Structure formats: C-alpha cells, structure tokens
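# Fold and contact review
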Amino acid sequence: MTEAWDAAVEAQIRGAVQRGEFDNLPGMGKPIPGRGMPYDESWWIKSFLEREKLPSDLLLPTPLQLRRRIEQVPDEVRGLPTEQSVRDFVGQLNTQVVAWLRNPEGPRVAVRPVNADEVVRRWRAERAGPEVTVTATDPATVTDPAVAPARRARRRWWLRWRRRG
C-alpha cells in the first residue's frame, strides 16, 4: 500500500516539475535563513513576530506589558486632540490595570492605575508650549517682579537652614 502511495506522490512531483510549477519560487537560490546558527527552541515565535511585524512586547507577561504601557503614556497621549480623549485613553488603561489587579497572574510586579488628572496636566503643559525660564545667576540682576520674590524667598530659606547647622 505504501509503495503505491509513494509512487503516486513521486508521479505528481515529476509532473509538477515538468510543467514548471517549481520554477521561480520565492527564495529560490537564496540560503536558508538560520542555517549554520545554533538551534533556538523559539525560532518559530521569532520568525512569526518578524514576518507579521508584531512588537516583541507581546511576549512579556501581563504586568510587565502594563508597566511598559504606563511608562509610554506621555508619548501616546501627546498626539491626542482633546482632553476627553486623553481621559478616555487613561481610563481604558486603568481598566486593564484594575482587571489585572483583581486577578493577578505572572510575576509580582508593582502596577498601579494612572492618575488621569496628572496626565491631563502634563498634556496641557506640553500643548501650551515651552515656558520661558530666567537664567540669571545673580538675584540682583533679576528685574522681573514675578521672579524676584521667589528668588528672595529661596535665599531666605537657605540662610535659615544654614543658621541651624
């Protein structure tokens, strides 16, 4: 039975070769990727991620994925158009964090919900543009009345602390 099967398969292959179905296949004449490299058990995962252009962050456990997303919040909300969209984004992230906190799995990593008000405050500050800072080194040269009292107060605090010691 197997001899007849083998003969049928070989006949199909010979017929395909004669018809030219194996000519000009992608990768023809190119070396086999990974040949000569040490064996890697997760080669298929790496090749899938590369082929599908997926981020390698998907391999991380849930708490580490959440931590990474929390770290990237300022960059992700920077392009959002409205305050409500920023709050919605933070709300969705906090929903995921709370869901993980209710049923934690994976390594124990400290993950806390994001403070939406703080994110919105930073988002507004970035939208307002860069603030003008005074770079005067000598407090006597500062002529702006809004900056001068702050400089004086800071100097007084320093003198008080110095007197203690």
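The rules we used
- Each chain carries its own residue numbering, running from 1 in the written order of its sequence.
- Predicted model: local features are reported for residues with pLDDT of at least 70 only, side-chain atom pairs are reported and counted for 80 or more only, and whole-chain, interface and lining totals are derived from all residues.
- Heavy atoms throughout the structure, all of them, feed into the side-chain values; hydrogens and water do not.
- Comment: axis = line fitted to C-alpha atoms, over the contacting stretch for helices; angle = value between 0 and 180 degrees taken between N-to-C directions.
- By definition, any uninterrupted DSSP run of H or I lasting at least four residues is a helix, any uninterrupted run of E lasting at least two residues is a strand, and each is numbered from the N terminus.
- Relative orientations are named as follows: roughly parallel for angles under 35 degrees, roughly antiparallel for angles over 145 degrees, roughly perpendicular for angles from 65 to 115 degrees, and oblique for any other angle.
- Take the far helix as your reference; a near helix turned counterclockwise from it by less than a right angle gives a left-handed crossing, and one turned clockwise gives a right-handed crossing.
- In what follows, residue pairs with any heavy atoms lying within 4.5 Å of each other are defined as contacts.
- Charged means Asp, Glu, Lys or Arg here, nonpolar means Ala, Val, Leu, Ile, Met, Phe, Trp, Tyr, Cys or Pro, and polar covers whatever is left, Gly included.
- With a 1.4 Å probe rolled over the protein chains alone, any residue whose accessible area is under 20% of its type maximum counts as buried; one over 50% counts as exposed, and the rest are partly exposed.
- One confidence number per residue, pLDDT, is output by the predictor and ranges from 0 to 100.
- Residues enter a nonpolar core if they are buried and are Ala, Val, Leu, Ile, Met, Phe, Trp, Tyr or Cys, with the set joined through side-chain atoms within 4.5 Å.
- Expected helix span is given by 1.5 Å per residue-to-residue step, counting one fewer step than there are residues.
- In what follows, salt bridge is the name for a side-chain nitrogen of Lys or Arg lying within 4 Å of a carboxyl oxygen of Asp or Glu.

Interaxial distance between helix α5 (residues 83–102) and helix α6 (residues 116–128) falls to 10 Å at its minimum, and their mutual angle equals 140 degrees. What the angle tells us is that α5 and α6 run oblique. Crossing handedness for the pair α5 and α6: right-handed. Taking contact as the criterion, the partners of Glu-83, Val-86, Arg-87 and Val-90 in α5 are, on α6, Ala-116, Asp-117, Val-119, Val-120, Trp-123 and Arg-124. Here the contact of α5 with α6 is composed, by residue class, of 6 nonpolar, no polar and 4 charged.

Below, the discussion takes up the side chain of Asn-94. In this fold, Asn-94 is placed in helix α5. Overall, the relative accessible area of 15% leaves Asn-94 in the buried class. With residues near it in sequence (within four places) discarded, Asn-94 still touches Pro-113 and Val-114.

This next bit is on the confidence of the model for the chain. For the chain, per-residue confidence averages 81 on the pLDDT scale, and residues scoring 70 or more make up 78% of the total. The secondary-structure element of the chain with the lowest mean pLDDT is helix α7 (residues 148–164), recorded at 49, while α5 shows the highest, at 95. Contacts from residues 158–163, a stretch scored under 50 in pLDDT, to residues over four places away or in other chains number 0 contacts.

This part takes up unusual backbone geometry. Phi is positive for Asn-24, close to 60 degrees, though the residue is something other than glycine. A residue is classified by how much of its surface remains accessible, and Asn-24, at 71% relative accessible area, is exposed. Here the phi dihedral of Lys-53 falls at roughly 55 degrees; this positive angle occurs in a residue that is not glycine.

Attention shifts here to the nonpolar core. By size, the foremost hydrophobic cluster in this structure holds 16 residues, and its most contacted members are Leu-66, Val-73, Val-77, Val-86, Val-90, Val-111 and Val-119. Counting only elements with at least two residues in this core, the list comes to α4 (73–77), α5 and α6.

Right, let's get into helix α1 (residues 2–19). Between its first and last C-alpha, α1 extends 26 Å over 18 residues, near the 26 Å set by a 1.5 Å rise per residue. Of the residues one or two after α1, Gly-20 is the one with positive phi, at around 85 degrees.

Counted according to the given criterion, the structure contains 11 salt bridges. A salt bridge links Glu-83 to Arg-124, with the nearest nitrogen and oxygen atoms 2.4 Å apart. Here Arg-124 lies in helix α6 and Glu-83 lies in helix α5, a separation of 41 residues in the sequence.

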